[in-house]
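One-letter residues, chain by chain:
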Amino acid sequence: MESYCIHCRLKSYFGREIKKNTCGKRTLFLIKNIVVKVYFGMDMKTCEFNPFGTNLSRDDALKSLKLATMNSDDGELFFEQRQTETITFDDRRVRSANFDTSEGMGLRSVYGEITGYAHSTELSHSSLLKMIPTVQHASRGEVSNFADSPSRQNKKLYDPLEPISELPFSEKVKLLQEIDDFSRNLDPRIKQVTATISASTQKILILRPDGASFSDIRPMVRFNISLLVEKNGRRENGYTGIGGRDKLLRFLKPETWKSLASEALRIAKVNLEARPAPAGVMDLVLGPGWPGILLHEAIGHGLEADFNRKKTSAFSELMGKRIAATGVTVFDDGTIPNRRGSITIDDEGTPSQKTKLIDDGKLVGYMHDRQNSRLMGLKSTGNGRRQSYAHAPMPRMTNTYMQAGNEDPKNLVQNLKNGLYAVGFGGGQVDITNGKFVFSCTEAYRVRDGKIAEAVKGATLIGDGASALKKIEGIGNDLSLDPGIGNCGKAGQWVPVGVGQPSLYISGLTVGGVSN
């Protein structure tokens, strides 16, 4: 695999020699009225990330870590280097192009429920020494039984790729122009096309007080397209995308982006004809794949260990009890190759795993990081995740999905006498303490006497996770995962995730709309 440093890549982008800043400050370039933001740091190549050098030796880092975590239960020194490029083509031109590199380290000490955390953008011994006093506040000065380092495994879920390198900047812009031209030729009613190519590589290294270290190189790519169509003065959008931890070119094949453009147009045309959604309590059939976001929000967060340890989740103290209908089995699986939510190891060094959360309707597991699993007398499930070196890890989902059932999806719809068939979801929110949720549908249809009728818009689903799961009356055999574009927010941190489910028949769910 060919490697490029940042300096070389930018030189190839802009066709001239540039001055590399060694101070880590931002530099701006104006190329054809496009502002390109560049953050210079350590040269980033496709080799393993090694944060140790002249300014910080491994020995000094380890000695500082041992001092910071003295009389603590757990802790680590987390190093990260991240490179990201995002290009957005809008209104027949490049609207924005961003290329940045960042790096830093985060020092953590854990004692019981207390966490001391400090971070720095400067990888130096002097910076690390300044972080120690803050982190030491987590210790109570008592000798503690320090946690063992995570176990190791050799399984890799994705290749250590640098997807930004696969296409020159100019070729990406040319491709976006081609996508724009193709999309506009699909339908004369298209008024605007917005397409985005995003690629990144995150490199991490975790140093433990016993000298053990764990590393990972995580590629990520994403392609999105949105079309705005107009008919008789009415304008509607259609949006879709694809992504994952794989080669960028895999997602930029002509047959792939042409299919996505056509799908975005289909959704926009459906929205053009959509009527106001009905309101009231009714039965629903949820489509497979992306509607799993309802599962993610309605119960996923409620099954993260920190909420249950603190007894603030609606599912606290329900282990072994029925919380869903018979046949409902739910997993959080961070081991699916190349998926957006997958991680070879979590951000504490624990190998990811497939964790069963609900088995045939009964609660059987939570998602754990090291701190909460230790406090609950259990083992980490590899769900300790963080947004970056500037954040402490916490229990987070990876790829959360419901196992397929035996029903033919067509039969689920045919059994629906009067209700909604929802196949697309947008944003939503949930109250962890009681499981109550509100979600908006981006694509839904009325169903009458088992037949799909007109499209509706403005529908919102209202309920609580525990009740909704118990109202599932049919589970399809068509499990699918989302296309790889999901992000999850919690406590101010965002991480990439995946969702999935088969088609579901749910009875008696409240639908918010604009007509009765």
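These numbers come from a predicted model, not from an experiment. (Residues numbered from 1 in each chain as written. Predicted model: local features only at pLDDT ≥ 70, side-chain atom pairs only at ≥ 80, totals over all residues. Heavy atoms only, no water.)

### Side note on the side chain of S342
Considering the arrangement of structural elements, one finds S342 in the loop between β11 (330–333) and β12 (354–359). For S342, a relative accessible area of 0% translates into the label buried. For S342, the contacting residues outside a window of four places in its chain are L157, Y158, R245, G334, T335, I336 and N399. (Helix = DSSP H or I, 4+ residues; strand = E, 2+ residues; numbered from the N terminus. Buried < 20%, exposed > 50% of the residue type's maximum accessible area, 1.4 Å probe, protein only. Contact = heavy atoms within 4.5 Å.)

### What to know about the pairing of strand β25 (residues 504–512)
Counting buried positions over the 9 residues of β25 gives 7, a clear majority of the element. Examined bridge by bridge, strand β10 (residues 280–286) and β25 share 6 bridges and lie antiparallel to one another. By the bridge assignment for β25, V281 is matched with T510. As defined by bridge partners, strand β20 (residues 460–464) adjoins β25 across 3 bridges and the pair is classed as antiparallel. (Pairing = 2+ DSSP bridges.)

### Topic: the confidence of the model for the protein chain
Per-residue pLDDT for the protein chain has a mean of 90; in total, 90% of the residues score no lower than 70. Of the regions scoring below 50 in pLDDT, residues 1–45 engages in 98 contacts with residues more than four places distant in sequence or in other chains. (pLDDT = per-residue confidence, 0-100.)

### Quick look at helix α4 (residues 169–184)
The terminal C-alpha atoms of α4 lie 23 Å apart, and with 16 residues this matches the ideal 22 Å at 1.5 Å per residue to within 8%. Buried within α4 are the following residues: F169, K172, V173, L175, L176, I179, D180, S183 and R184. Buried residues of α4, seen end-on, are gathered within an arc of 165° and therefore sit on one face of the element. (Expected span 1.5 Å × (residues − 1). Arc of directions from axis to C-beta.)

### Thoughts on helix α3 (residues 125–136)
For α3, which comprises 12 residues, the first-to-last C-alpha distance of 17 Å matches the rise-based estimate of 16 Å (1.5 Å per residue) to within 8%. Those residues of α3 that sit buried are S127, L128, M131, I132 and V135. End-on view of α3: buried residues confined to an arc of 155°, all on one side of the axis. If you follow the buried residues of α3, they end up packed against α2 (58–68), β3 (74–90), β4 (93–111) and β5 (114–120).

### A short note on the pattern of salt bridges
Summed over all chains, the structure comprises 26 salt bridges. The shortest N-O distance in the salt bridge between R309 and E113 comes to 3.3 Å. Of this pair, R309 sits in helix α8 (residues 305–309) while E113 is found in the loop between β4 and β5, placing the two residues 196 residues apart along the sequence. Residue R309 is classed as buried on the basis of its relative accessible area of 17%. In this structure, K457 engages E236 in a salt bridge whose closest nitrogen and oxygen atoms are separated by 2.8 Å. On the criterion of sequence distance, the pair formed by K457 in strand β19 (residues 451–457) and E236 in strand β8 (residues 234–244) is long-range, its members being 221 residues apart. Overall, the relative accessible area of 12% leaves E236 in the buried class. (Salt bridge = Lys/Arg side-chain N within 4 Å of Asp/Glu carboxyl O.)

### Focus on the packing of α2 against α3
In the contact formed by α2 and α3, the axes pass within 9 Å of each other and the chain directions differ by 10°. When the axis of α2 is compared with that of α3, the two are roughly parallel. Contact with α2, carried on its side by D60, A61, S64, L67 and A68, involves H125, L128, L129, I132, V135 and Q136 of α3 and no other residues of that element. Tallied by class, the residues present in the contact of α2 with α3 amount to 7 nonpolar, 3 polar and 1 charged. (Axes fitted to C-alpha atoms, helices over the stretch in contact; angles between N-to-C directions. Parallel < 35°, antiparallel > 145°, perpendicular 65-115°, else oblique. Nonpolar A, V, L, I, M, F, W, Y, C, P; charged D, E, K, R; others polar.)

### Let's talk about the environment of I190
You can see I190 is positioned in strand β6 (residues 190–207). Measuring from C-alpha to C-alpha, the distance between I190 and V229 comes to 4.3 Å, with 39 residues separating the pair along the chain. Sequence-distant contacts of I190, that is, excluding residues within four places in its chain, are made with S183, R184, L227, L228, V229 and L265.

### So, the packing of aromatic side chains
Following the criterion strictly, the structure yields 4 aromatic pairs and no others. Taking the centre distance of 5.4 Å and the plane angle of 85° together, the rings of F182 and W257 count as edge-to-face. Of this pair, F182 sits in helix α4 while W257 sits in helix α6 (residues 254–273), placing them 75 residues apart in sequence. On the numbers, 5.5 Å between centres and 50° between planes, the contact of F437 with F439 is tilted. Here the guanidinium or amino end of R152 rests over the ring plane of F214, the centre of that ring lying 4.3 Å away. Against the face of F78 rests R386, its NZ or CZ located 3.9 Å from the ring centre. (Phe/Tyr/Trp six-rings, centres within 6.5 Å; stacked < 30°, edge-to-face > 60°. Lys NZ or Arg CZ within 6 Å of the ring centre and 35° of its normal.)

### Focus: the nonpolar core
Ranked by internal contacts, the top residues of the largest apolar core, which has 43 residues, are I299, L303, V328, I358, L461 and I472. Sort the elements by how many residues they give to this core and helix α7 (residues 293–300) lands first, with 5 residues. In this structure, I472 is in contact with A325, V328, M402, L504, Y505 and I506, ignoring residues within four places of it in sequence. In this structure, A199, V221, W257 and L265 belong to the second largest nonpolar core, which totals 33 residues. (Core = buried A, V, L, I, M, F, W, Y, C linked by side-chain atoms within 4.5 Å.)

### Observations concerning the packing of α4 against α6
The interhelical angle for the contact between α4 and α6, taken along N-to-C directions, is 40°, at an axis separation of 10 Å. Taken as axis vectors, α4 and α6 run oblique relative to one another. Between α4 and α6 lies a crossing of right-handed hand. Packed against α4, whose contacting residues are L175, E178, I179, F182 and S183, the element α6 presents W257, K258 and A261 at the interface. For the contact of α4 with α6, the class distribution of residues is 5 nonpolar, 1 polar and 2 charged. (Left-handed = near helix turned anticlockwise from the far one by under 90°.)

### Quick word on the pairing of β19
Across 2 bridges, the pairing between strand β9 (residues 275–276) and β19 is parallel. Each residue of the ladder has a partner; that of P276, found in β19, is K457. As judged from the 4 bridges shared by strand β18 (residues 436–448) and β19, these two strands associate in the antiparallel manner. Along β19, the bridge assignment pairs V447 with I452. Taken together, β18 and the strand that follows it, β19, pair antiparallel across an intervening segment of 2 residues, in which D449 is found at a positive phi of about 55°.

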